[in-house]
Amino acid sequence: MPNFRHNRANVEIFIWIGAFVVLYGLASYFNAHEVLDHSFRDHESYNLDEVFTALNIGGFLGLAYSVLRIKDMSHG
C-alpha cells in the first residue's frame, strides 16, 4: 500500500472530488439541466444559451492555456 502523506495536493483532490459529488447530487435532485433549458427558452432575447456556451468554451481554453504554461515552467 502506498504511503499516504498529508500534503496540500492530497487534501485538495479530496475536496474537489467531494465538491463534484455534492454538485452532481444537487443537479440531479433539482433536475438542473431541464431548469436551465427552460430558462434559456424563456429568456431567449438575452441569448443566455450562447453566453453559457461561450463561458464553457472560455473555461476550457483557460484550462488548456494553464496546462501549457505549467508545462513551460517545468521545462524552463
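Refer to the preceding data block for the structure.
Residues numbered from 1 in each chain as written. Predicted model: local features only at pLDDT ≥ 70, side-chain atom pairs only at ≥ 80, totals over all residues. Heavy atoms only, no water.

Undergrad: Would you explain the packing of aromatic side chains in this entry?
TA: In this description, an aromatic ring pair is defined by two values, namely the gap between the centres and the angle between the planes. Scanning the model with the defined rule gives three aromatic pairs in all. Summarising the aromatic geometry, the rings of tyrosine 29 and phenylalanine 30 are spaced 4.9 Å apart at their centres and angled 85 degrees between planes, so their arrangement reads as edge-to-face. By relative accessible area, which is 66% here, tyrosine 29 ends up exposed. Here phenylalanine 30 falls in the exposed class, since its relative accessible area comes to 53%. Considering the side-chain rings of phenylalanine 40 and phenylalanine 52, the 5.7 Å spacing of their centres and the 50 degrees angle between planes classify their relative orientation as tilted. Here phenylalanine 52 lies in helix α3 (residues 48-75) and phenylalanine 40 lies in helix α2 (residues 32-42), a separation of 12 residues in the sequence. Classification of phenylalanine 40 as buried rests on a relative accessible area of 14%. Relative accessible area serves as the criterion here: at 38%, phenylalanine 52 is assigned to the partly exposed category. (Phe/Tyr/Trp six-rings, centres within 6.5 Å; stacked < 30°, edge-to-face > 60°. Buried < 20%, exposed > 50% of the residue type's maximum accessible area, 1.4 Å probe, protein only. Helix = DSSP H or I, 4+ residues; strand = E, 2+ residues; numbered from the N terminus.)

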